[in-house]
Amino acid sequence: MHAAEPTGGDTVRGSDGPRDEVDRIVDAWQRERPDLQPMPLHVFSRVSRLARHLDLTRRSAFAEHGVEAWEFDVLSALRRAGAPYELTPGRLIAETLVSSGTMTNRIDRMVAHGLVVRAADASDRRVVKVRLTPEGKRRVDAAMSQLLESERSLLSVLPEPDRRHLSDSLRSLLIPFES
């Protein structure tokens, strides 16, 4: 069964395969408001629902290694920076999209857990950098390995060409938000 086609070229043809909750939601809206063109729901409702499922999967992968999701964001930003795995708090704010007050709180908590240390910059002692500890590095590496294993499994339902196409399409949607 296919969803009714809206007018005005805003068409999404369903597959003959299994239907998901979004199909049911769109069908209900088309029944109740046939004047609406629900194309965005087909895409963004699925993205939103996937984001919730992925968040749970990620939290589970991180928890196995004693890392909270917010800690992973900071630890992975430091790890990606390369040796000596340090960044200024300002750079961490830019990398993780949180406020300065939130970042200060996070750094304090991570220092208390032994995951990072604050260190003066060697070239300018007025600048403070946040540096990954060996324990922080161990945990972020383990959590990242677990995350990739979990997410690779989730993507296994798609053939490789579809994965590349999906990645490219999502990039095209995301770029306007990040520029």
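Residues numbered from 1 in each chain as written. Predicted model: local features only at pLDDT ≥ 70, side-chain atom pairs only at ≥ 80, totals over all residues. Heavy atoms only, no water.

Engineer: Describe the overall build of the protein chain, with residues and values.
Structural biologist: Looking only at helices and strands, one finds seven helices and three strands in the protein chain. Starting at the N terminus, the α and β elements of the protein chain follow one another as α-α-α-β-α-α-β-β-α-α. A compact globule built from 179 residues would reach a C-alpha radius of gyration of about 16 Å, whereas the protein chain, at 22 Å, exceeds it by more than 25%. Taken along the three principal axes of its C-alpha coordinates, the protein chain extends 65 × 30 × 25 Å. Within the span of the protein chain, comprising 179 residues, buried residues form 27% of the whole. Carbon and sulfur atoms make up 56% of the accessible area of the protein chain, which amounts to about 11800 Å² in all. Measuring between centres, the 27 positive side-chain charges of the protein chain sit 5 Å from its 27 negative side-chain charges. (Helix = DSSP H or I, 4+ residues; strand = E, 2+ residues; numbered from the N terminus. Rg over C-alpha atoms; globule rule 2.2 N^0.38 Å. Buried < 20%, exposed > 50% of the residue type's maximum accessible area, 1.4 Å probe, protein only. Areas by Shrake-Rupley, 256 points an atom, 1.4 Å probe, with all protein chains shown as cover. Lys, Arg positive; Asp, Glu negative; His and termini not counted. Charge placed at Lys NZ, Arg CZ, Asp CG, Glu CD.)

Engineer: Mind laying out a nonpolar patch on the surface, listing which residues take part and the relevant values?
Structural biologist: On the surface, a nonpolar cluster with roughly 480 Å² of combined accessible area is contributed by Phe-44, Val-47, Leu-155, Leu-166, Leu-170 and Leu-173. The biggest single contributor to the nonpolar patch is helix H7 (residues 160-178), with three residues. By relative accessible area, Leu-166 is classed as partly exposed at 37%. (Patch = residues over 30% accessible without salt bridge, like charges linked within 9 Å, V, L, I, M, F, W, Y side chains within 5 Å. Salt bridge = Lys/Arg side-chain N within 4 Å of Asp/Glu carboxyl O.)

Engineer: A description of the pairing of strand S3 (residues 128-132) should follow, citing residues and the corresponding values.
Structural biologist: A regular strand places its side chains on the two faces of the sheet in alternate fashion. When strand S1 (residues 86-87) meets S3, the two strands line up antiparallel, connected through two bridges. Paired with Glu-86 across the strands is Arg-131, a residue of S3. When strand S2 (residues 116-120) meets S3, the two strands line up antiparallel, connected through five bridges. Across the sheet, residue Val-117 finds its bridge partner in S3, namely Arg-131. (Pairing = 2+ DSSP bridges.)

Engineer: Any details on the packing of helix H3 (residues 69-80) against helix H6 (residues 134-155)? Residues and values, ideally.
Structural biologist: Closest axis-to-axis distance for the H3/H6 pair is 10 Å, and the angle between their directions is 105°. If you check the angle between H3 and H6, you find them roughly perpendicular. Packed against H3, whose contacting residues are Phe-72, Leu-75, Ser-76 and Arg-79, the element H6 presents Gly-136, Lys-137, Val-140, Asp-141, Ala-143, Met-144 and Leu-147 at the interface. (Axes fitted to C-alpha atoms, helices over the stretch in contact; angles between N-to-C directions. Parallel < 35°, antiparallel > 145°, perpendicular 65-115°, else oblique. Contact = heavy atoms within 4.5 Å.)

That is the geometry; function is a separate question.
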